[in-house]
Structures are given as structure tokens and as C-alpha cells.
Amino acid sequence: MARNTRMIHFFAGMACSAMASPFGIVAAALAPVVLGFAKEMYFHFTRRGADAENLAWVIAGSATFVLGLRLMPFRL
């Protein structure tokens, strides 16, 4: 897989977490996982080419954002 694809999925996970963060830390952690899984299932059933590594990079981006959000000295 190309390095650019990994970075795109990583930042997509972070962006999805950022959009869900006003609804709480649990929503920020779970929304990218659900959306990434749904995307991979869609690709699996339409083009027969789901890639678990893409989902892993989305989850990694989400986890990085949520960890950073929890470690902030102030609450948003």
C-alpha cells in the first residue's frame, strides 16, 4: 500500500474524531471505527477489495486524537 493512502486514512480518522468530539469522548472514539468499518464493508461488497490495513490506520488516527484530547490540560 502506498504511504499516501496510509496518511490519508490516518488523518481521516483524526478528522472524524474531531467532528464527533462535541458529543463526548466515547463518541469521538467510536464514530471513526464505525464509519471506517462501514466503508470497508461497502468496498467489500461493491468492488471485492476491502483492506483491513485501511481500517487500522483510521483507528490509529482516531486513537491519537482521543489520546491527545484526554491529555489536554483544559477541557473543550
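Residues numbered from 1 in each chain as written. Predicted model: local features only at pLDDT ≥ 70, side-chain atom pairs only at ≥ 80, totals over all residues. Heavy atoms only, no water.

### Comments concerning helix H3 (residues 52-71)
With 20 residues, H3 extends 28 Å from end C-alpha to end C-alpha; this agrees with the ideal 28 Å at 1.5 Å per step. Residues of H3 that are buried include every one of Asn54, Leu55, Val58, Gly61, Ser62, Val66 and Leu69, and no others. Viewed end-on, H3 has its buried residues packed into an arc of 125°, placing them on one side of the element. In H3, the exposed residues that point more than 90 degrees away from the buried face are Ala52, Leu67 and Leu71. (Helix = DSSP H or I, 4+ residues; strand = E, 2+ residues; numbered from the N terminus. Expected span 1.5 Å × (residues − 1). Buried < 20%, exposed > 50% of the residue type's maximum accessible area, 1.4 Å probe, protein only. Arc of directions from axis to C-beta.)

### Here we look at the packing of aromatic side chains
Tallied over the full model, the rule gives three aromatic pairs. For the ring pair Phe10 and Phe11, a centre distance of 5.5 Å and an interplane angle of 80° mean the geometry is edge-to-face. Following the ring pairs from residue to residue traces out a cluster consisting of Phe10, Phe11 and Trp57. Positioned above the aromatic ring of Phe43, the side-chain terminus of Arg47 is 4.1 Å from the ring centre. (Phe/Tyr/Trp six-rings, centres within 6.5 Å; stacked < 30°, edge-to-face > 60°. Lys NZ or Arg CZ within 6 Å of the ring centre and 35° of its normal.)

### Some words on a nonpolar patch on the surface
Where nonpolar side chains cluster on the molecular surface, the patch consists of Ile25, Val26, Leu30 and Val34 and spans about 350 Å² of accessible area. Along the chain, the position of Val26 falls in helix H2 (residues 25-47). (Patch = residues over 30% accessible without salt bridge, like charges linked within 9 Å, V, L, I, M, F, W, Y side chains within 5 Å. Areas by Shrake-Rupley, 256 points an atom, 1.4 Å probe, with all protein chains shown as cover. Salt bridge = Lys/Arg side-chain N within 4 Å of Asp/Glu carboxyl O.)

### Here we look at the packing of helix H1 (residues 3-20) against H2
The interhelical angle for the contact between H1 and H2, taken along N-to-C directions, is 130°, at an axis separation of 8 Å. One element, H1, and the other, H2, form an angle in the oblique class. Considering the relative orientation of H1 and H2, their crossing is right-handed. In this structure, H1 contributes His9, Gly13, Cys16, Ser17 and Ala20 to the contact, and H2 contributes Ala27, Ala28, Ala31, Pro32, Leu35 and Lys39. The residue makeup of the contact of H1 with H2, split by class, is seven nonpolar, three polar and one charged. (Axes fitted to C-alpha atoms, helices over the stretch in contact; angles between N-to-C directions. Parallel < 35°, antiparallel > 145°, perpendicular 65-115°, else oblique. Left-handed = near helix turned anticlockwise from the far one by under 90°. Contact = heavy atoms within 4.5 Å. Nonpolar A, V, L, I, M, F, W, Y, C, P; charged D, E, K, R; others polar.)

Worth remembering: the numbers are spatial, not functional.
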